[in-house]
Amino acid sequence: MEVHETKKEEVSKNIVNSFVDFLFSDKEEKWLILILLIGVLLRFLVARNISALGDEMVHGPHAIGFLHSGLISTLAQSPLWFYLTDIVTRFLNVTLFSVRFLSFFYGSLSIIIIYLLTSKMFDKKVALISSFLLSVSFFTIRYTLAEMDLSAIFFLLLAIYFFLESNEKNKFPFLSAVCLGIASLIKTLSLFFVPAFLIAFFLFNQSKEKKQIKNNLKKAFIFGIVILLFFSPILLHNYFWYKDKGMVDTYFAQYFDIGEVRQAYAGQLGYDSGLLSDRFVEGVFTMSNAVFSMDPLIVLIGIFGIILSFSLKNI
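Basis of the calculations
- Residues numbered from 1 in each chain as written.
- Predicted model: local features only at pLDDT ≥ 70, side-chain atom pairs only at ≥ 80, totals over all residues.
- Heavy atoms only, no water.
- Phe/Tyr/Trp six-rings, centres within 6.5 Å; stacked < 30°, edge-to-face > 60°.
- pLDDT = per-residue confidence, 0-100.
- Helix = DSSP H or I, 4+ residues; strand = E, 2+ residues; numbered from the N terminus.
- Buried < 20%, exposed > 50% of the residue type's maximum accessible area, 1.4 Å probe, protein only.
- Patch = residues over 30% accessible without salt bridge, like charges linked within 9 Å, V, L, I, M, F, W, Y side chains within 5 Å.
- Areas by Shrake-Rupley, 256 points an atom, 1.4 Å probe, with all protein chains shown as cover.
- Salt bridge = Lys/Arg side-chain N within 4 Å of Asp/Glu carboxyl O.
- Core = buried A, V, L, I, M, F, W, Y, C linked by side-chain atoms within 4.5 Å.
- Contact = heavy atoms within 4.5 Å.
- Arc of directions from axis to C-beta.
- Axes fitted to C-alpha atoms, helices over the stretch in contact; angles between N-to-C directions.
- Parallel < 35°, antiparallel > 145°, perpendicular 65-115°, else oblique.
- Left-handed = near helix turned anticlockwise from the far one by under 90°.
- Nonpolar A, V, L, I, M, F, W, Y, C, P; charged D, E, K, R; others polar.

**Student:** Tell me about the packing of aromatic side chains, and please be specific about residues and values.
**Tutor:** Within this structure, the stated rule accounts for 23 aromatic pairs. Plain terms: the ring middles of tryptophan 81 and phenylalanine 82 are 5.0 Å apart, the flat faces sit at 85 degrees to each other, and that makes the pair edge-to-face. Ring geometry for phenylalanine 139 against tyrosine 143: centres 4.9 Å apart, planes inclined by 35 degrees, an arrangement best described as tilted. By the ring-pair criterion, three or more aromatic residues cluster together here, those being Phe44, Phe97, Phe101, Phe104, Phe105, Tyr106, Phe154 and Phe155.

**Student:** Describe the confidence of the model for the protein, listing the residues and the values that go with them.
**Tutor:** Per-residue confidence for the protein averages 84 on the pLDDT scale, and 80% of its residues sit at or above 70. Here helix H1 (residues 2-23) stands out as the element of the protein with the lowest mean pLDDT, 57, in contrast to helix H9 (residues 174-186), whose mean of 96 is the highest.

**Student:** A description of unusual backbone geometry should follow, citing residues and the corresponding values.
**Tutor:** The phi dihedral of asparagine 93 is positive, around 70 degrees, even though this residue is not glycine. Mapped onto the elements of the fold, asparagine 93 is located in the loop between helix H4 (80-92) and helix H5 (96-121). Owing to a relative accessible area of 52%, asparagine 93 belongs among the exposed residues under this scheme.

**Student:** Explain a nonpolar patch on the surface to me, using residue names and the numbers behind them.
**Tutor:** Judged by side-chain polarity, Trp31, Leu34, Ile38, Leu41, Leu42, Phe44, Leu45, Phe132 and Val136 come together as a nonpolar surface patch covering roughly 750 Å² of accessible area. If you tally residues by element for the nonpolar patch, the top one is helix H2 (residues 29-49), at seven residues. As for its position among the elements, isoleucine 38 is in helix H2. Classification of isoleucine 38 as partly exposed rests on a relative accessible area of 31%.

**Student:** Can you lay out the pattern of salt bridges for me, pointing to particular residues and giving the numbers?
**Tutor:** In this structure the tally under the stated criterion is five salt bridges. Close ionic contact of glutamate 165 with lysine 169 constitutes a salt bridge, the shortest N to O distance being 3.1 Å. Residue classification places glutamate 165 among the buried positions, given a relative accessible area of 19%.

**Student:** Help me get a handle on the nonpolar core, residues and values and all.
**Tutor:** The biggest cluster of nonpolar side chains holds 46 residues, and the ones touching the most others in it are Trp81, Phe155, Leu180, Ile186 and Phe223. Residue assignment for this core shows that the elements contributing at least two residues are H2, H4, H5, helix H6 (124-135), helix H8 (149-168), H9, helix H10 (194-203) and helix H11 (210-245). Examining the composition of this core, we find that ten residues originate from one element, H8, more than from any other. For leucine 180, the contacting residues outside a window of four places in its chain are Leu156, Ala159, Phe197, Phe223 and Ile227. Judged by nonpolar contacts, the second largest core, of six residues, contains Leu185, Val248, Phe252 and Ala253.

**Student:** How would you summarise helix H3 (residues 56-63) if you had to cite specific residues and measurements?
**Tutor:** In an α-helix, one turn spans 3.6 residues, which is why side chains three or four residues apart end up on the same side. Taken together, the buried positions of H3 are occupied by Glu56, His59, Gly60 and Ala63. For H3, the buried positions fall inside an angular range of 95 degrees around the axis, keeping them on one side. Tucked into the core, H3 has its buried residues touching H4 and H5. Directly beyond the C-terminal end of H3, a positive phi value near 80 degrees is found at glycine 65.

**Student:** Please set out the environment of lysine 187 residue by residue, giving values where relevant.
**Tutor:** Topologically, lysine 187 is positioned in the loop between H9 and H10. By relative accessible area, lysine 187 is classed as buried at 13%. The spatial distance from the C-alpha of lysine 187 to the C-alpha of alanine 152 is 6.0 Å, given a sequence separation of 35 residues. With near-sequence residues (within four places) excluded, lysine 187 lies in contact with Gln77, Ser78, Met148, Asp149 and Ala152.

**Student:** Please give an account of the packing of H3 against H4 that cites residues and values.
**Tutor:** Running from N to C, H3 and H4 point in directions that differ by 65 degrees, and their axes come no closer than 8 Å. If you check the angle between H3 and H4, you find them roughly perpendicular. The chirality of how H3 crosses H4 is right-handed. Across the interface between the two elements, His59, His62 and Ala63 of H3 pack against Trp81, Phe82, Thr85 and Asp86 of H4. For the contact of H3 with H4, the class distribution of residues is three nonpolar, three polar and one charged.

**Student:** Requested: an account of the packing of H4 against H5, with residues and values cited.
**Tutor:** How two helices pack is summed up by the angle between their axes together with the distance between the axes. Running from N to C, H4 and H5 cross one another at 135 degrees; their axes reach a closest spacing of 9 Å. Put simply, H4 runs oblique to H5. Crossing of H4 against H5: the hand is right-handed. When H4 is examined against H5, the residues Trp81, Leu84, Thr85, Val88, Thr89 and Leu92 are found in contact with a partner set consisting of Phe97, Ser98, Val99, Phe101 and Leu102. Across the contact of H4 with H5, the residue classes break down as eight nonpolar, three polar and no charged.

Here it is in structure tokens:
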């Protein structure tokens, strides 16, 4: 009995000593833990206490029971967020926090991804600053809502990280394509980021040799196919729905000239107006003003970073 208690005391002392050593060490990870805790706390307070917005009153109820609905679309959104949120509500019950949980969870994890990504691009000190700015970013904290954006952003950031990691090791960025595919199943608009990744194949390897150019084209093609495979359920759903009923989801009705279908969605947030080119500039300024009013420091640093990047000779 005494031997057992002695071992317990030794284990306790070792844990305390390890914690003290870590606390007073030069390791950046201790500050990342603190930054993460701040970010998690702020996001939890918002997700737990802020009253619901209009879109949440649509997305939240739609997610309840979605697993057994047999649906792979909500007309305007990809299905994965609804499947995952339905799973969460089964464990946490149906509450405002449970339908916001994915934004809370992936929004918090994005702090770590930003640290890892920035460490790869710059150094750990810059990474800590970046993760801290995201941790206290009022814009991302305020949008810890029952929406898909923060979840999709997490997988987009993860896609960038895996892309850079694969480029360093001269390997095909399969995990990056997978993350983009997952992001597209959470938020359809994530597909608009795919061209940037395809272009990156040629930016990271600017060799003019025909063999290398063909290799880059091959990689970009396979990369796109992997993403397409993930998004194929949405494409097949719309194809068969159109063949059977002459209908498609709102995104397809908006971006493709399917006249009769567009009229079915007429008046619903401009889904019958094509690319909304007449309101594009207005939308950009509206969003920019929202971000600037909530996170002016991050916006100013971002603008400075863009200007600085053009002055660098070696990228």
